[in-house]
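# Notes for the structure review
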Amino acid sequence: MAEKKIRTIGVLTSGGDAPGMNAAVRAVVRRGLGQGLKVKGILQGYDGLINDNIRDMKARDVSDIISRGGTVLYTARCPEMKTDEGIERAVETCRKHGIEGLVVIGGDGSYMGAAKLANHGINVIGLPGTIDLDIGCTEYTIGFDTAVNTAMQAIDKVRDTSASHERVSIVEVMGRNAGYIGLWCGIANGAEDILLPEKFNYDEQAVIDNIIENRRYGKRHHIIVNAEGIGHSASMARRIEAATGLETRATILGHMQRGGSPTARDRVYASTMGCMAVDLLLAGKTRRVVGYNNGQFRDYDISEALAMSKGISEYQYEVAVALSHNYMKPSENLYETQEATEGQAEA
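Structural notes, computed from the coordinates. It should be emphasised that the depicted structure is a prediction, and the values quoted were computed from it without experimental measurement.

### Observations regarding the packing of helix H1 (residues 21-34) against helix H9 (residues 264-282)
Contact geometry for H1 and H9: axes closest at 7 Å, N-to-C directions at 40°. Here H1 and H9 pass one another in a crossing that is right-handed. Contact residues: Ala-23, Ala-24, Ala-27, Val-28, Arg-31 and Gly-32 in H1; Arg-267, Ala-270, Ser-271, Gly-274, Cys-275, Val-278 and Asp-279 in H9. Of the residues in the contact of H1 with H9, the class split is 7 nonpolar, 3 polar and 3 charged.

Here is the structure:
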């Protein structure tokens, strides 16, 4: 371990909450305390930093939080961090509490605030905390694994009732303008159609034609996974029902995807990233973002990370589309073929 250059660090969660944030907070607190640092918990994100809502953190303060969803430090949007006055107040609060290093757990917007603090001499490390998986420098973001599993389980349940009623179901998943949750759920749930902001050309007639074609081939229900970046699921359901004559329901999963006990992956990866953030601060690093790529945890310059873009995997999308098609024609019905074969055998 490099020689310690800081004595007090702070940790905050910013933007939308994500399962696994508590695991990251716990790791920062315990790793910091274990290295002889004072650790400050900043409540309500950047808003708490600006308004001096800060408390000392002890090891017991983070006991039994690793399995809890949400964030025990709370979170909030903070428009003031986009202003010079807000930045100056945040820096003043850091200096008042002797915070020389700050761990920011959040998404791209949170990194922008962190970069501004770094410009004022605050050592800052960012951790990717968002269910949207939309941070360009990393293959993994804290909360995505739990969110996509929550959505997958919900869609499985919707499929059960959709099959029972022989209806079309549109299930809207979160992700803002990114379609990663939609893509993963489309594959994992075997959806018949997947509508992603990166791919959908808003040709609803193609979706309608697919529903009619599948029904002609004997498919009795139809699941459409619709990403939040497209939205308007309720009005889409009305148009599809009018065009097909088939009962069509929309289900918007909403913020249930942000909650719940984090998966093992979110707990382990968030814990590893939290420890790495403290280690980077102790090594004198600043303006860094922790990411995960090619099986390794790595750190990147914040400006470099913000400049990176990430698109949907073309191959995964091809897989999703290929597996969603129903290739079985009426004459190829396996049940009927099996009955005919058995009848011939008996004869």
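Moving on from the model shown.
### Here we look at the pattern of salt bridges
Taken as a whole, this structure holds 17 salt bridges when the rule is applied. Between Asp-134 and Arg-176 there is a salt bridge; the shortest N-O distance is 2.7 Å. Of this pair, Asp-134 sits in the loop between strand S5 (123-128) and helix H5 (144-165) while Arg-176 is found in the loop between strand S6 (168-173) and helix H6 (180-188), placing the two residues 42 residues apart along the sequence. Judged by relative accessible area, Arg-176 falls into the partly exposed class, the value being 45%. One salt bridge connects Glu-314 with Lys-199, and the closest N-O pair in it is separated by 2.6 Å. One end of the pair, Glu-314, is in helix H11 (residues 314-324); the other, Lys-199, is in the loop between strand S7 (193-195) and helix H7 (204-216), with 115 residues separating them in the sequence. Taken together, the shared-partner salt bridges in this structure form one network comprising Asp-132, Asp-134 and Arg-176.

### A look at the environment of Ser-110
Within the secondary structure, Ser-110 sits in helix H4 (residues 108-119). Since its relative accessible area comes to 5%, Ser-110 is described here as buried. Residues Ser-110 and Gly-126, 16 residues apart in the sequence, show an inter-C-alpha distance of 8.1 Å. In contact with Ser-110, other than residues within four places in its own chain, are Ser-14, Gly-15, Tyr-46 and Val-104.

### As for the state of the cysteines
Applying the stated criterion across every chain, the model contains 0 disulfides. Here Cys-78 stays unpaired: no disulfide links it, and the sulfur of Cys-94, its closest cysteine neighbor, is 13 Å away.

### Describing the nonpolar core
One recurring pattern in soluble globular proteins is that nonpolar side chains are buried together. Counting 62 residues, the largest nonpolar core has Ile-9, Val-103, Ile-105, Leu-127, Ile-142, Ile-155 and Ile-181 as the members making the most contacts within it. Of the residues forming this core, the biggest block, 9 residues, is contributed by H9. Excluding residues within four positions of it along the chain, Ile-155 makes contact with Val-171, Val-173, Cys-185, Asn-189, Ile-223, Val-225 and Leu-253. Grouped together as the second largest cluster of nonpolar side chains are 28 residues, Ile-42, Ile-50, Leu-102 and Ala-114 included.

### Things to note about the environment of Leu-127
In this fold, Leu-127 is placed in strand S5. With residues up to four places along the chain from it excluded, the contact list for Leu-127 reads Ala-24, Val-103, Val-104, Ile-105, Gly-106, Tyr-111, Ile-142, Met-273, Gly-274, Ala-277 and Val-290.

### Here we look at the sheet that holds strand S3 (residues 54-56)
Spatially, the 7 strands line up as an open sheet ordered S3-S2-S1-S4-S5-S10-S11, and their pairing is mixed. Sheet topology places S3 and strand S11 (296-301) at the edges, where each strand pairs with a single neighbour. Sheet twist, expressed as the mean angle between neighbouring strand axes with direction ignored, is 25°. The sheet contact formed by S5 and strand S10 (residues 288-293) spans 2 bridges and is parallel. The partner of Gly-126 across the bridge, within S10, is Val-289.

Rules and cut-offs
- Residues numbered from 1 in each chain as written.
- Predicted model: local features only at pLDDT ≥ 70, side-chain atom pairs only at ≥ 80, totals over all residues.
- Heavy atoms only, no water.
- Axes fitted to C-alpha atoms, helices over the stretch in contact; angles between N-to-C directions.
- Helix = DSSP H or I, 4+ residues; strand = E, 2+ residues; numbered from the N terminus.
- Left-handed = near helix turned anticlockwise from the far one by under 90°.
- Contact = heavy atoms within 4.5 Å.
- Nonpolar A, V, L, I, M, F, W, Y, C, P; charged D, E, K, R; others polar.
- Salt bridge = Lys/Arg side-chain N within 4 Å of Asp/Glu carboxyl O.
- Buried < 20%, exposed > 50% of the residue type's maximum accessible area, 1.4 Å probe, protein only.
- Disulfide = S-S within 2.5 Å.
- Core = buried A, V, L, I, M, F, W, Y, C linked by side-chain atoms within 4.5 Å.
- Pairing = 2+ DSSP bridges.

Any link to function would need more than the numbers given here.
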